[in-house]
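In case you want the letters, here they are:
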Amino acid sequence: RWLREQQYSRWRLHCLKLQPLSPVPSDIEISRAQTPKAVDVLAKEIGLLPDEIEIYGKSKAKVRLSLLERLKDQADGKYVLVAGITPTPLGEGKSTVTIGLVQALTAHLNVNSFACLRQPSQGPTFGVKGGAAGGGYAQVIPMEEFNLHLTGDIHAITAANNLLAAAIDTRILHENTQTDKVRKAPCWPFWPSYPGIPGFLRSSWRNFWGLLGIKKTDPNTLTEEEMRKFARLDIDPSTVTWQRVLDTNDRFLRKITIGQANTEKGYSRQAQFDIAVASEIMAVLALTDSLTDMKERLGRMVVASDKSGQPVTAEDLVSMVLIFFQLPQGTPVFVHAGPFANIAHGNSSVLADKIALKLVGEEGFVVTEAGFGADIGMEKFFNIKCRASGLVPNVVVLVATVRALKMHGGGPSVTAGIPLKREYTEENIPLVADGCCNLQKQIQITQLFGVPVVVALNVFKTDTRAEIDLVCELAKRAGAFDAVPCYHWSVGGKGSVDLARAVREAASEGSRFQFLYDVQLPIVEKIRTIAQAVYGAKDIELSPEAQAKIERYTQQGFGNLPICMAKTHLSLSHQPDKKGVPKDFILPISDVRASIGAGFIYPLVGTMSTMPGLPTRPCFYDIDLDTETEQVKGLF
């Protein structure tokens, strides 16, 4: 019986009944109207063992990584990526399509399927877009737990990131104010004098043997020069790239001065805050494939250079689990990691995908989502995430809306919090036809990677049959395997059955996946390849600072890493107001950073900021706590 339990078992999933209402209630009302299964019941239905989950409340649990070892011989299922066209500021429903597709596959076509999503940041939840649970009858439940803190992973990343930032500045301060003799005191971890601890601490051996080349184990035999090499990192403060982070949109932290108190003895410098989900630690969590790999990646993170130009890493300074939810029809979803797509690589974790692919079985499907348009999230999924994971996608689902296509066709600007103009609520065939240029371009981008693409038209109640038919026809002419209207928001998985069938058929066609560029190319050429082949730029223009950093990273041996472009998501170009398919533009690269632990080079395009700001009317105005029911109100 124990041996049978260790093997893969067929799912015995009992899907929940869905009774859609018309008009469709608010997202939070739908979430609370559907009673989710107990998470331990759902876990048992999909083949998880009792000791492989750690339950958090009634409806969510963490999954242990030992599951990967147990199912290592199980064949993977099909791998599907959901991407999108260039969105409006309101978003076009990629998460909703992801969830609707999984509900259709599992509850209506009886195919094992798993959704893998990113954890939402408080930035957009309280800012402009709202939560990231999906919407209508295609959302993660309970949505308030999903959108508000989850199990605290983002806050743990924030604390770890800021501990490292504090360690950097403290080290610079102490090296500037202490002699080598003082720095040899017993309080330093590399100089233990505690009873029963001979020689160097284990964490110090790595530094001595690996980084400094000093082949000694007894601290009493060190020369003065060897002691100085270990006691001093000689960090150049002007090269510090590691920033503090906060999971809140706060434009006033984009540039700050630290060290102004008298106790810092005159050591001050300019610094900044990034949003927490842009932390390299978040990227490491998303791209790692084991605890050992994660530990090594964290140690490799480059935080600055020393005064001789050599990189200083986190390992020089300081000596995992998945979250499990469900959908309204009782199908499972993994939520793990939450990097933004415009200022990070924008995909959920490799570990979540790998575990889900084993759990669904060879005939099952894992559907994951990449942030923003295909030019951003999908490009990084292929060139960064797939390189790290070794996984090959079978199908891309490209999400479009009539609303976004009208915007790209020359419609009025779309602004969060302001009612849509009548061009978006009334039939307008010419605007839709003109805006399909963006859809066609995103299909072409997908074809660069050799993966079949199915277009999912996320239908709104104001869309007309003529507009829907036109989009589907033009998408197929542009090379899409199929184009299907979807109604999951209003009716759940039933509204995406046609999409599920199209995805299943496309997956059977086979993928000819290829990367866009060879990582051995020079950094500048990799940036230029993305700018020209994906964005449609004429060329790139490097600022002096960007050029200097590229030369430094190349000299330090980091030139063979993939590229993670930080660019606006509201246009194919660097200018958010340029809609459709901009042409003949020069893409300005204002700065370049290196995320060595995560494993990519990180160019900043134009005026791109890594700390978003709050709008005139943020979402938190509508969020409140009902003291009688003890429930949160106003989330969407």
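Residues numbered from 1 in each chain as written. Predicted model: local features only at pLDDT ≥ 70, side-chain atom pairs only at ≥ 80, totals over all residues. Heavy atoms only, no water.

In the nomenclature of an unreviewed UniProt entry, the chain is known as formate--tetrahydrofolate ligase of Equus asinus asinus. According to the UniProt record, the Pathway (unreviewed entry) comment for the chain is "One-carbon metabolism; tetrahydrofolate interconversion." (UniProt positions renumbered as here; feature names shortened; annotations may be inferred.)

Draft legend 1. The arrangement of the overall build of the chain in detail. Secondary structure summary: the chain contains 23 helices and 23 strands in total. Split into buried and exposed, the 636 residues of the chain put 58% on the buried side. In the structure as shown, the chain presents an accessible area of about 26,400 Å², 52% of it carried by carbon and sulfur atoms. (Helix = DSSP H or I, 4+ residues; strand = E, 2+ residues; numbered from the N terminus. Buried < 20%, exposed > 50% of the residue type's maximum accessible area, 1.4 Å probe, protein only. Areas by Shrake-Rupley, 256 points an atom, 1.4 Å probe, with all protein chains shown as cover.)

Draft legend 2. Summary view of the sheet that holds strand β21 (residues 600-605). Here we have 3 strands laid out as an open sheet, ordered β19-β20-β21, and mixed in their pairing. Either end of the sheet is taken by a strand with one partner, and the two such strands are β19 (539-542) and β21. When the angles between neighbouring strand axes are averaged without regard to direction, this sheet yields 50 degrees. Here 4 bridges tie β19 to strand β20 (residues 586-595), and the two strands are oriented parallel to one another. Each bridged residue has a counterpart across the sheet, and for isoleucine 540 the counterpart in β20 is leucine 587. Packed on one face of the sheet, helix α22 (residues 523-535) meets β19, β20 and β21 and runs near 135 degrees to β19. (Pairing = 2+ DSSP bridges. Axes fitted to C-alpha atoms, helices over the stretch in contact; angles between N-to-C directions. Contact = heavy atoms within 4.5 Å.)

Draft legend 3. Representation of the environment of leucine 90 in the model. Relative to the helices and strands, leucine 90 is located in the loop between β3 (78-84) and α5 (94-108). Residue class for leucine 90 comes out partly exposed when judged on its relative accessible area of 33%. With near-sequence residues (within four places) excluded, leucine 90 lies in contact with Arg403, Val414, Ala416 and Leu420.

Draft legend 4. Structural detail: the pattern of salt bridges. With the rule as written, the count across this model stands at 27 salt bridges. Through salt bridges with shared partners, a single ionic network connects Lys94, Arg118 and Glu369. (Salt bridge = Lys/Arg side-chain N within 4 Å of Asp/Glu carboxyl O.)

Draft legend 5. Quick peek at the environment of lysine 538. Topologically, lysine 538 is positioned in the loop between α22 and β19. Sequence separation between lysine 538 and aspartate 584 is 46 residues; the distance between their C-alpha atoms is 4.8 Å. Sequence-distant contacts of lysine 538, that is, excluding residues within four places in its chain, are made with Gln532, Asp584, Phe585 and Ile586.

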